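So you can see what is in the structure, the chains are spelled out below.
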Amino acid sequence: MAEFTMELNDEQKEVRDWLHGFSADVIRPAAAEWDEREETPWPVIQEAAKVGIYSLDFYAQQYFDPTGLGIPMAMEELFWGDAGIALSIVGTGLAAVGVLANGTEEQIGTWIPQMYGDANDVKVAAFCSSEPDAGSDVASMRTRAVYDEAKDEWVINGTKTWATNGGIANVHVVVAVVDSELGSKGHASFIVPPNTPGLSQGQKFKKHGIRASHTAEVVLENVRVPGSCLLGGKAKLDERLARARERAKAGGERVKNAAMATFEASRPAVGAMAVGTARAAYEVALDYAKTREQFGRPIIDNQGVAFQLADMRTSIDAARLLVWRASWMAVNGKQFTAAEGSMSKLFASETAKTVTAQAVQILGGNGYTREYPVERMHRDAAIYTIFEGTSEIQRLVIARTLSGMPIR
Ligand SMILES: Cc1cc2nc3c(=O)[nH]c(=O)nc-3n(C[C@H](O)[C@H](O)[C@H](O)COP(=O)(O)OP(=O)(O)OC[C@H]3O[C@@H](n4cnc5c(N)ncnc54)[C@H](O)[C@@H]3O)c2cc1C
């Protein structure tokens, strides 16, 4: 087990500086344009693919870094550049992790390369879990997958919503109900291969922030996928369902939704994205406060402004420490006895919202215009308290973990 450290090693610092350079030179200059266009920034993804940032190799290297700091460091640097573009770059990784975590070696080898494509022909992937009536309450999911034994195929029907890269993805990972009696224990994940008939994009959402990231409904109408597209395989699913049914019988009630607890390990990554956005806004505000003069002196000479900056920086550092701790715990298999993953996401995402609002205030009228990036950062920051579990759900998970109550 790696000891917890608050310092990046030399290799990590090198990667951080390389990512920061890409963020500063390629992502940040393109941010305003793609925010206005509200489209996937394909040329930027392609640039990222050319230098090796948009690839499974890069993602896996950070993911398996034993110190646990690889992913948070990478997320912070990319999202420092711009949240919408960065999400377009890392969104595929979120779907790929679903396959890495649950898929067989063959599934990983077959589908993950197709999620990324190559530098000359980049592709993206989508992870589709949320539904119009099943957001926080994943157990209310209605999308069904029914096994057609004669053909060894699964038939999927339903509507997914809010899917990042939904409909434009080469590969979709779709979560569906296979046993409605078991709540979230009766869910399974499926690969929907490229050009599968029956899968279509529904509404594309016009959003408040992260507008360079594509978010859409995904409609599944009699989508047939081969048995080999069930992540983990049928034997493993049957075993898992049998165990869940036994437990449900023993408990005499529907199995409680414990799925949210499994998100503990991925939540620090979202916290790190929030730290990146918060740090970006803080830096703009600090520079501005040092150079903008009113009443014959820089505005930072006023305690009212200086103390805000002190609070902003303190919260950002505190958020990063919570994120790094949770990420180290996840990689080293430590038990989240106090929902430390949720804590890190809750604190970092609320920090990003507060800090970006403070940055707008420090820039005054300029902060409220699109001439300065803090306006965009403030809009972008709002997402962190919503996706991958809202702040209320994080508090619920923390409180229930502390009290020993089941998480549902
Ligand atoms: C830009 C964007 C990208 C997304 N990307 C993806 C993706 O790629 N894949 C995917 O599957 N999903 C994705 N999502 C969906 C996201 O995870 C959900 O929006 C989120 O889980 C919240 O669900 P909901 O929107 O249905 O809100 P609801 O669950 O309806 O919640 C509404 C409000 O009620 C509160 N609330 C609900 N239940 C409780 C409770 N028990 N206690 C206290 N308060 C509660 C919530 O905190 C929230 O404030 C994305 C969403 C957005 C906006």
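Along each chain, numbering runs from 1 in the same order as the chain's sequence is written. Restriction of local features to residues with pLDDT of at least 70 applies here, the model being predicted, together with a cutoff of 80 or more for giving and counting side-chain atom pairs; totals for whole chains, interfaces and linings are based on all residues. Values reported for side chains reflect all heavy atoms of the structure, with hydrogen atoms and water molecules removed beforehand.

Some remarks on the overall build of the chain
And then number 1: Counting from the N terminus, the helices are DSSP H or I runs at least four residues long and the strands are E runs at least two residues long. For the chain, the helix and strand inventory stands at 14 helices and 11 strands.
And then number 2: For the chain, the spread of C-alpha atoms along the three principal axes comes to 80 × 50 × 40 Å.
And then number 3: Counting only residues that meet the buried cut, the chain has 52% of its 408 residues in that class.
And then number 4: In this description, contact between two residues means that some pair of their heavy atoms is separated by no more than 4.5 Å. Considering only contacts within the chain whose residues lie at least 6 apart along the sequence, 73% involve residues at least 24 apart.
And then number 5: Working convention for charge: Lys and Arg count positive, Asp and Glu count negative, and His plus the chain ends are omitted. Here the site of a charge means atom NZ of a Lys, CZ of an Arg, CG of an Asp or CD of a Glu. Across the chain, 42 positive and 51 negative side-chain charges occur, with their mean positions spaced 6 Å apart. Think of it in three bands: residues with accessible area under 20% of the maximum for their type are buried, residues over 50% are exposed, and the middle band is partly exposed, with areas taken using a 1.4 Å probe on protein chains only.

Some details on the layout of surface pockets
With a probe scaled to a water molecule rolled over the atoms, the places where space remains empty come into view.
And then number 1: A cavity here means a set of 1 Å grid points, computed over protein atoms only, where a 1.4 Å probe fits but cannot escape. A pocket is an open set with protein on both sides within 12 Å along at least 5 of 7 lines, and lining residues have an atom within 4 Å of a point. Grid points are joined across faces, edges and corners, and a volume is the space filled by probe spheres set on the points. There is about 220 Å³ of room inside the second largest pocket.
And then number 2: What lines the second largest pocket is a set of 13 residues, among which Met-6, Leu-8, Arg-16, Arg-320 and Trp-324 lie closest to the centre.
And then number 3: Of all the secondary structure elements, the ones that give two or more residues to the lining of the second largest pocket are α1 (10-37), α4 (70-81) and α10 (303-331).
And then number 4: Per element, the largest residue contribution to the lining of the second largest pocket is four residues, and it comes from α10.
And then number 5: Tallied by class, residues from the lining of the second largest pocket come to five nonpolar, no polar and eight charged. Note on residue classes: Ala, Val, Leu, Ile, Met, Phe, Trp, Tyr, Cys and Pro are nonpolar, Asp, Glu, Lys and Arg are charged, and everything else, Gly too, is polar.

Thoughts on the packing of helix α11 (residues 340-362) against helix α14 (residues 391-403)
A pair of packed helices is characterised by two quantities: the angle between their axes and the separation of those axes.
And then number 1: Lines are fitted to the C-alpha atoms to define the axes, a helix being fitted only along its stretch in contact, and any angle between axes, read from their N-to-C directions, falls within 0 to 180 degrees. With their axes 9 Å apart at the nearest point, α11 and α14 run at an angle of 150 degrees to one another. When the axes of α11 and α14 are compared, the crossing they make is left-handed. Between α11, through Ser-342, Met-343, Lys-345, Leu-346, Ser-349 and Glu-350, and α14, the contact on the second element is made entirely by Ser-391, Gln-394, Arg-395, Val-397 and Ile-398.
And then number 2: For the contact of α11 with α14, the class distribution of residues is four nonpolar, four polar and three charged. Less than a right angle of anticlockwise turn of the near helix away from the far helix marks a crossing as left-handed, whereas a clockwise turn marks it as right-handed.

Things to note about the UniProt feature "domain: Acyl-CoA oxidase/dehydrogenase middle" (unreviewed entry) in the chain
And then number 1: In this numbering, the UniProt entry assigns the feature "domain: Acyl-CoA oxidase/dehydrogenase middle" (unreviewed entry) to residues 126-223.
And then number 2: Counting secondary structure, residues 126-223 comes out at 0% helix and 49% strand; the distance between its end C-alpha atoms is 16 Å. UniProt positions are given in the numbering used here, feature names are shortened, and annotations may be inferred rather than shown by experiment.

Points about the nonpolar core
And then number 1: What we call a nonpolar core is a set of buried Ala, Val, Leu, Ile, Met, Phe, Trp, Tyr and Cys residues that are connected through their side-chain atoms within 4.5 Å. Formed by 104 residues in total, the largest nonpolar core has its most connected members in Phe-79, Ile-89, Met-115, Ile-156, Phe-190 and Tyr-384.
And then number 2: The greatest single-element share of this core, amounting to 14 residues, is contributed by helix α9 (residues 267-291).
And then number 3: Every residue in contact with Phe-190, bar those within four places of it in the chain, is listed here: Ala-145, Trp-154, Ile-156, His-172, Val-173, Val-174, Ala-176, Val-178, Val-225, Cys-229 and Leu-230.
And then number 4: Listed in part, the six residues of the second largest apolar core include Ile-393, Val-397, Ile-398 and Ile-407.

As for the pairing of strand β9 (residues 215-226)
And then number 1: Direction of pairing for strand β5 (residues 153-164) relative to β9: antiparallel, over a ladder of nine bridges. Paired with Lys-160 across the two strands is Val-218, which belongs to β9.
And then number 2: Two strands make a pair as long as DSSP finds a minimum of two bridges between them. By the bridge criterion, four bridges tie strand β8 (residues 199-204) to β9 in an arrangement that is antiparallel. Pairing of Ser-200 across the sheet is with Val-219, part of β9.

Remarks on the site of the ligand
And then number 1: Around the ligand, the surrounding shell holds 20 residues, and the nearest of these are Ser-130, Ser-136, Trp-162, Thr-390 and Glu-392.
And then number 2: Between the ligand and the protein, one listed contact pairs an oxygen atom with a backbone N or O atom of Ser-129 at 2.9 Å.
And then number 3: Side-chain polar atom of Glu-392 to an oxygen atom of the ligand: 2.6 Å apart, as the coordinates give it.
And then number 4: Accessibility throughout is a Shrake-Rupley quantity obtained with a 1.4 Å probe, and a residue counts as covered only by protein chains that appear here. Notes on the ligand: free accessible area 970 Å², of which the protein chains cover 64%.
And then number 5: Elements supplying a minimum of two residues to the shell around the ligand: β3 (125-128), β5 and α14.
And then number 6: Here the shell around the ligand is built from residues that sort into 10 nonpolar, seven polar and three charged. Residues are labelled near a given molecule or strand when at least one of their non-hydrogen atoms is within 4 Å of it. What qualifies as a polar contact is a pair of N or O atoms within 3.5 Å, subject to a donor-acceptor requirement within protein and to the restriction that residues adjacent in sequence count only when both atoms come from side chains.

A look at helix α13 (residues 374-381)
And then number 1: Of all eight residues making up α13, seven are buried, and the element is well covered by its neighbours.
And then number 2: Taken together, the buried positions of α13 are Val-374, Glu-375, Arg-376, Met-377, Arg-379, Asp-380 and Ala-381.
And then number 3: Elements that come into contact with the buried residues of α13 comprise α1, α5 (83-102), α9, α11 and α12 (364-367).

Topic: α5
And then number 1: For α5, with 20 residues, the first-to-last C-alpha span of 28 Å sits near the 28 Å given by 1.5 Å per residue.
And then number 2: We define the bend at any residue as the angle between the axes fitted to the seven residues before and including it, ending there, and the seven starting there. For α5, the principal kink sits at Ile-89 and spans about 40 degrees.
And then number 3: Counting buried residues along α5, 16 of its 20 residues qualify, which places the element largely inside the surrounding structure.
And then number 4: Among the residues of α5, the N-terminal cap falls to Asp-82, whose side-chain oxygen and the backbone nitrogen of Gly-84 are separated by 3.3 Å. In a helix, the anticipated span is given by 1.5 Å times the number of residues less one.

As for the pairing of β5
And then number 1: As judged from the five bridges shared by strand β4 (residues 144-148) and β5, these two strands associate in the antiparallel manner. Looking at the pairing, Ala-145 lines up with Ile-156 of β5.

Topic: the packing of aromatic side chains
And then number 1: Two aromatic rings from Phe, Tyr or Trp, using only the six-membered ring of Trp, form a pair when their centres are within 6.5 Å; if the ring planes differ by under 30 degrees the pair is stacked, by over 60 it is edge-to-face, and anything between is tilted. Overall, the coordinates contain nine aromatic pairs when judged by the stated rule.
And then number 2: For the pair Phe-4 and Trp-328, a centre-to-centre distance of 5.4 Å together with 55 degrees between the ring planes defines the contact as tilted. Here the residue Phe-4 occupies a position in the segment before α1, and Trp-328 occupies one in helix α10, the gap between them amounting to 324 residues.
And then number 3: Taken together, Tyr-147, Trp-154 and Phe-190 form an aromatic cluster joined through their ring pairs.
And then number 4: Lying over the aromatic face of Trp-80, Arg-28 brings its terminal NZ or CZ to 4.0 Å of the ring centre.
And then number 5: Two conditions define a charge sitting above a ring: the NZ of Lys or the CZ of Arg must be within 6 Å of the ring centre, and it must be within 35 degrees of the ring normal. Over the ring of Tyr-147 we find Lys-234, and its NZ or CZ is 4.9 Å from the ring centre.

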